[in-house]
Structure formats: C-alpha cells, structure tokens
Amino acid sequence: MGKPSLRPRGFDDLGLRRVFGDRMLPLLVAAMAFLAALAGAGAMAAANLADHWREGAGSALTVQVPRPGGAAAAGPGTVEETRIDRITGILRGTPGIAETRALPESELNELLRPWLGRDAETASLPLPGVVAVRMAENGLDDSVLARLAAQLSAAAPGTTLEAHRPWVRRLSLLARSLQACAWAALGLVAAVAAAVIAVATRGGLALRREVIETVHGLGATDGYIACRFARRAAGLAVLGAVIGALAALPVLLGLANLATPFQTNGAVGSAPWLAALPPALWIGLPVLPLAAGLIGFATAQGTVRRWLRRLP
Amino acid sequence: MVRLDEVGLRYGGTRGGPEILRDISFSIGPGGFRWLLGRSGAGKTSLLRLLSLAARPTRGTLIVLGADIGLVPRRALPPLRRRIGMVFQDFRLLPHLTAFDNVALPLRLAGRPEGQITVDATEMLRWVGLADKTGAWPAELSGGEQQRVAIARAVAGRPSLLLADEPTGNLDEGQAERLMQLLAELNRLGTTVVVATHNDALVERHPARAMVLEHGRLVEDG
Ligand SMILES: Nc1ncnc2c1ncn2[C@@H]1O[C@H](COP(=O)(O)OP(=O)(O)O)[C@@H](O)[C@H]1O
Ligand SMILES: [Mg+2]
C-alpha cells in the first residue's frame, strides 16, 4: 500500500517514455552533433587561417635587387652590396615600414632548394638580392607603394617591389568564404536538428493524443504538458549530442594533429598532441550538448503549445 | 454555479456540422442535483462536455463557476477545470498509470503535496471498494472496476461541480446503489452534481429534479 505513495522523480504522467523517440532521436541528434562539431572546427580553422595570412603575409613586401654580375660575383664590398645597402637605406627612411632585412645568400638558397634542388648554390643562376620588408600596422597604401617602387628603381635600376597584399586579399576572401560556409552548415545542422525533434514530438503527440486530451480535460495547463515533452526532448537531445561530440573528438584531434606543423611554422611535432586542438574547440565541444538540449527544449515547447491550441 | 442562456453547440466550430445542442437555457445553484435524461444521441454527453469546459458554446452564454466561458481567455480555463470532476462514459483512464496514479493525477495537477495525495487517493480507492487494486493497470481491471476508478478520480479533488456521464453503465445494481449514496453524500457536502443516465429504475429510486433532452433541445426541466 505504501509502495505507490512515493512519486518517483521524473514521473512519466503522460507515458512519453514509451512513445517519444527513445532510440531514433538520440541517434539522429548524435549525427547532427557530429556534423556540427566538424562544421564548427572548419569555421575556426578558416578563421585562424585568415588571421594568420592577414597578420603575416598581408604586411609583407619583397624587394628584389638584380645583380648584374651574378651570384658568384657577389662578395663583401662589391658594387652589389652597396646597391642593396642603398635600397635598404631608402626603405628604412620610409615612414610606415617597420622592419627591413636583406636575406643572406644561404637563406635564399634554402628557400629555393625545393624548386632548384641541392645544387642551387652551384647553379650559375643570377640570383637577385632580396630584401624582406614588414610594414607597420596599417601598411602603406597603393599610391605610396607605387612612388616607393619608382624611387627604388631610380636608386638601383631593375629593382622591383612586390606587395603580397593582393594575394592575401584573395586568400583572406577564400578563408572568409570557407568560414561563412562552415557557419551556414552549422546553422543548417541546427535547423535540421530542430526539424527532427519537431517531427518526433508530433509523433509522440499523435500516439498520446487521447492521454493528452484527458490530462488537458483534468485541468493541466499547456505549460505543464509542453514541459513534459520538452524535458524528454531535451534529455534525448543532450544524450545524442554527447554521443556525437565524443565521436567527433578523435576525428578533430587527428585533423588538428595533421595541421600542427603548418601552424607552428615548421616546428614539426613540437606541440603536444592534445594541445593541438584549438582552445575554442575545447569550449565548443561541451557547448554542443548544451545547445542541443536548448534546441530540443524550445522546439518541443513550441510544437506542443501549437498543437494544444486546437483544444479549448 | 451553472447558468446557460440560449446556448448552442456545433462540432467543428460555427461553420461546422449541424447544431447538436439548441437553445439550451437552465441554471443550477450551488449544491444542486440534476438528472440529465434523454435517449441515446439526444446530446447528453455534448451538454456535459460544455459543462466540463471540454467544448465552448458556439452561441449563447455559458457561465460555470462564475466565469463566462464564452468570454474568458483560454488560459483561465485550466484552473476552472480543476474544480470540476468528470466521470466519462468511456472512463478515459490513462493506460500507462496504475489505478492509484490515475486517481492521484488530478491532485498532482492541482499541486497538492505528495503526502496528502497518497492519503486522499488511497482513501478514494477504498471508498469505491478498490483498496486491493491500487497497483493494478487499467487493462487488468474489469469494466465496472475501471468505472469505479474513474469515479474515484473525478471525486478525489473535492470538486465544486461533479459531472457523471452514464456512471452506472458498467455497474451491477448493488454497486450502482452504492455510487448513488456516494454522490448524494458529496451533494450534501455542497458539491453540485449532474448525472446523465438512461437508467430509469435508478432515477425512480432517487427522485430529484430532472432535465430531459430531445434532439438537442431541453424539453423538460423540473
Ligand atoms: N465529436 C463529435 N463530432 C461530431 N458530432 C458529434 C460528436 N460527438 C457527438 N456528436 C453527435 O452529437 C449528437 C449527440 O451526441 P451525444 O452528445 O453523445 O448524445 P448522448 O450522450 O445523449 O448519447 C449525436 O448525433 C452525435 O452523433
Ligand atoms: Mg453519451
């Protein structure tokens, strides 16, 4: 007799446990969460890339000073050396330029090795002198650069100035577009998850129609009934999202691990495995179940309340 | 308590099918008792649906527990429903809840403390003679037992207005007699009671004011 007296926590008044998406819903939400994790990671990677390019290459200029005598003729105190010094002098005197550095020949050879092979040093190619320039925060606008280029080639005929900015603009645009696509995918995934939950909720409503009408007739408010469904939907969605996020974790770690060498500028394998996942993802992954729970709760509430409006 | 003035009801809204109830006017004061009589299809269940706020009138004025049902906002209805007990012709027990939980449901909806719910629901089930069936599922109960659970559920919340639709349909004569004593007892305690039935013998044994429906019209009240 005392047995039924204690109402168990999470008492299932409407008998939803048996009719409302017990297996299918968490699995579908898990798939959505997995996709969301990938899309989110994509958005973050694209953002990182865009920043990287903008900060690095966006402010860079390359100045090439031809050496009429060829690389072999270059040596301390030669004409070429003074030409490069002159160019560097002009660059240093130009406002808006933060740093100039004449690349030593060995570094130049190193850079060219992938294209020219081991024999780069011995090949009798006339390599130009190269000065790497980093512009200050706001850089120089295009007309100033044009004037600078004219000034440089007057000082040392044949000198060219190459701004990386147009490339960076395109790459940045590409990165931003990728990012926008990733956000759109994330939004789409959320919308599909909401639709899946709405369909499951409607299925539960249809199967429990008589029960709901009876409970409504006994004086249950719309809020009471909607809350029963919303709690169940939120629980199932959180469960699904946890599964999906856990499934995405090894995939993301693997991808991050592959990307590590590019992010740390050639220091291959120096980053510890777990730290390779950007901190934003460590925050983003736990947010997935939370977001799924909110979507589940809100969608079920809306669906049930709209359905209940047919009752007096 | 209850007052109807030229009330009409169509299923499917104002433009729905034919008018099932037409020009119904009557009133029942607090603590009143009424039989609701009429052939099958006369509209007894429909009238009880109006009184239990399961349907709103498509025309006329319906006042239940002091509220003008045609005018009050939808959210005002649940608290009113909780003050009305209804024994449905087809019981409407929740199949996934035990007899005890079915009886406890309106008390839980009303937010009563769980301790009091246990006492009241158990007492109600004892009162209808089902003390040994508290843990039974509706599907395990006979028609008469289900009807008695439905009665216990309707009465458990001590409603101000009790509506019963053919409540003796599945009861034997002794049980029907017991039910009538139970209803009379509640009525004496102040509950307004309306009982729809076509059990003439029962009405003869318990004379009270009767309303007679015929083809959706009230043809007799008194
Ligand atoms: N939900 C409904 N939709 C349409 N017509 C209905 C509905 N319920 C009852 N009716 C019709 O209303 C009339 C009265 O039915 P009802 O109120 O159940 O009568 P009673 O309870 O006296 O047998 C019948 O003709 C029935 O077909
Ligand atoms: Mg009927």
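This one's a predicted model, so the numbers in the text were calculated from it and none came from an experiment.

### Some points on the coordination of the magnesium ion (ligand 2)
Residue and element names in this part refer to chain B.
Then, number 1: Of the protein atoms, only Thr45 (OG1) and Gln89 (OE1) coordinate the magnesium ion (ligand 2), at distances of 1.9 to 2.6 Å. Placement of Thr45 in helix H1 (residues 44-51) and of Gln89 in the loop between strand S6 (84-87) and helix H3 (99-109) is noted, with a sequence separation of 44 residues between them.
Then, number 2: With relative accessibility at 31%, the residue Thr45 sits in the partly exposed group.

### Some remarks on the sheet that holds strand S5 (residues 67-68) of chain B
All names here are of chain B.
Then, number 1: The strand order S2-S1-S4-S5 describes an open sheet built from four strands, whose pairing is antiparallel. Each edge of the open sheet carries a strand with a single partner, namely strand S2 (19-28) and S5.
Then, number 2: In this sheet, S2 lies alongside strand S1 (residues 2-10) in antiparallel orientation, the contact comprising six bridges. The residue bridging Leu4 from the neighbouring strand is Phe26, located in S2.

### Things to note about the interface of chain A and chain B
Then, number 1: Listed per partner, the contact involves 26 residues of chain A and 25 residues of chain B.
Then, number 2: A buried area of about 2,200 Å², summed over both sides, lies between chain A and chain B, and 65% of it is on carbon and sulfur atoms.
Then, number 3: Put simply, chain A and chain B have one salt bridge between them.
Then, number 4: Across the chain A-chain B interface, the total number found is seven residue pairs in polar contact (both at pLDDT 80 or more).

### Some words on the site of ligand 1
All names here are of chain B.
Then, number 1: Around ligand 1 lies a shell formed by Tyr11, Ile20, Arg39, Ser40, Gly41, Ala42, Gly43, Lys44, Thr45 and Ser46.
Then, number 2: In the environment of ligand 1, an oxygen atom lies 2.6 Å from a nitrogen or oxygen atom belonging to the backbone of Gly41.
Then, number 3: The side chain of Ser46 places a nitrogen or oxygen atom 2.6 Å from an oxygen atom of ligand 1.
Then, number 4: Its free accessible area being 560 Å², ligand 1 has 56% of it covered by the protein chains.

### Topic: the pairing of strand S8 (residues 192-196) of chain B
Residue and element names in this part refer to chain B.
Then, number 1: Burial within S8 is extensive, with five of its five residues counted as buried.
Then, number 2: Burial along S8 is two-sided: the residues Thr192, Val194 and Ala196 and Val193 and Val195 are all buried.
Then, number 3: Note: strand S3 (residues 33-37) against S8, four bridges, orientation parallel. Paired with Leu36 across the strands is Ala196, a residue of S8.

### Considering the packing of H3(B) against helix H4 (residues 114-127) of chain B
All names here are of chain B.
Then, number 1: Interhelical geometry of H3 versus H4 gives an angle of 130° and a closest axis separation of 9 Å. Relative to H4, H3 is oriented oblique. For H3 against H4, the interelement crossing comes out right-handed. Residue-level contacts link Ala99, Phe100, Val103, Ala104, Leu107 and Arg108 of H3 to Glu114, Ile117, Thr118, Asp120, Ala121, Thr122, Met124 and Leu125 of H4.

### Quick word on the sheet that holds strand S9 (residues 210-214) of chain B
Strand pairing in a sheet relies on backbone hydrogen bonds. The paired strands run either parallel or antiparallel.
All names here are of chain B.
Then, number 1: The strand order S6-S7-S8-S3-S9-S10 describes an open sheet built from six strands, whose pairing is mixed. Of all strands in the sheet, those with a lone pairing partner are S6 and strand S10 (217-221), marking the two edges. If you compare each strand with its neighbour and ignore which way they point, the axes differ by 20° on average.
Then, number 2: Bridge analysis of strand S7 (residues 161-165) against S8 gives five bridges, and the strand direction is parallel. Looking at the pairing, Leu161 lines up with Thr192 of S8.
Then, number 3: Its contacts with the sheet place helix H5 (residues 143-156) against S6 and S7, and it is angled at close to 175° to S6.
Then, number 4: Helix H6 (residues 173-188) rests against S3, S7 and S8 of the sheet, and its axis sits at about 150° to S8.

### Observations concerning the pairing of strand S3 (residues 129-135) of chain A
Residues and elements named next belong to chain A.
Then, number 1: For S3, the tally of buried residues reaches five of seven residues, placing the bulk of the element in the interior.
Then, number 2: Across six bridges, strand S1 (residues 60-65) lies against S3 in antiparallel orientation. Within the sheet, the bridge partner assigned to Val63 lies in S3 and is Val131.
Then, number 3: By the bridge criterion, five bridges tie strand S2 (residues 97-102) to S3 in an arrangement that is antiparallel.

### Overview of helix H7 (residues 209-217) of chain A
Then, number 1: Here H7(A) has its buried residues at A:Val211, A:Ile212, A:Thr214, A:Val215 and A:His216.
Then, number 2: Directly beyond the C-terminal end of H7(A), a positive phi value near 110° is found at A:Gly219.

### Describing the pattern of salt bridges
Then, number 1: Inspection of the entire model under this criterion finds 16 salt bridges over all chains.
Then, number 2: Salt-bridge contacts for A:Arg134 lead to A:Glu99; the nearest nitrogen and oxygen are separated by 3.4 Å. Of this pair, A:Arg134 sits in strand S3 while A:Glu99 sits in strand S2, placing them 35 residues apart in sequence.
Then, number 3: Linking A:Arg209 and A:Glu213 is a salt bridge whose minimum nitrogen-to-oxygen distance equals 3.2 Å. With A:Arg209 and A:Glu213 both in helix H7, this residue pair falls four residues apart, about one helical turn.
Then, number 4: Residue classification places A:Arg209 among the partly exposed positions, given a relative accessible area of 38%.
Then, number 5: Here the salt bridges share partners, and the residues they tie into one network are B:Glu19, B:Asp23, B:Arg59 and B:Arg217.

Cut-off values and rules
Residues numbered from 1 in each chain as written. Chains lettered and ligands numbered in written order. Predicted model: local features only at pLDDT ≥ 70, side-chain atom pairs only at ≥ 80, totals over all residues. Heavy atoms only, no water. Donors = N, O, S within 2.8 Å, 3.2 Å for Na, K, Ca; no water. Helix = DSSP H or I, 4+ residues; strand = E, 2+ residues; numbered from the N terminus. Buried < 20%, exposed > 50% of the residue type's maximum accessible area, 1.4 Å probe, protein only. Pairing = 2+ DSSP bridges. Contact = heavy atoms within 4.5 Å. Buried area = accessible area lost by both parts, 1.4 Å probe. Salt bridge = Lys/Arg side-chain N within 4 Å of Asp/Glu carboxyl O. Polar contact = N/O pair within 3.5 Å; in protein donor to acceptor, adjacent residues only side chain to side chain. Near = heavy atom within 4 Å. Areas by Shrake-Rupley, 256 points an atom, 1.4 Å probe, with all protein chains shown as cover. Axes fitted to C-alpha atoms, helices over the stretch in contact; angles between N-to-C directions. Parallel < 35°, antiparallel > 145°, perpendicular 65-115°, else oblique. Left-handed = near helix turned anticlockwise from the far one by under 90°.

So far we have only geometry, and geometry alone does not tell us how the molecule works.
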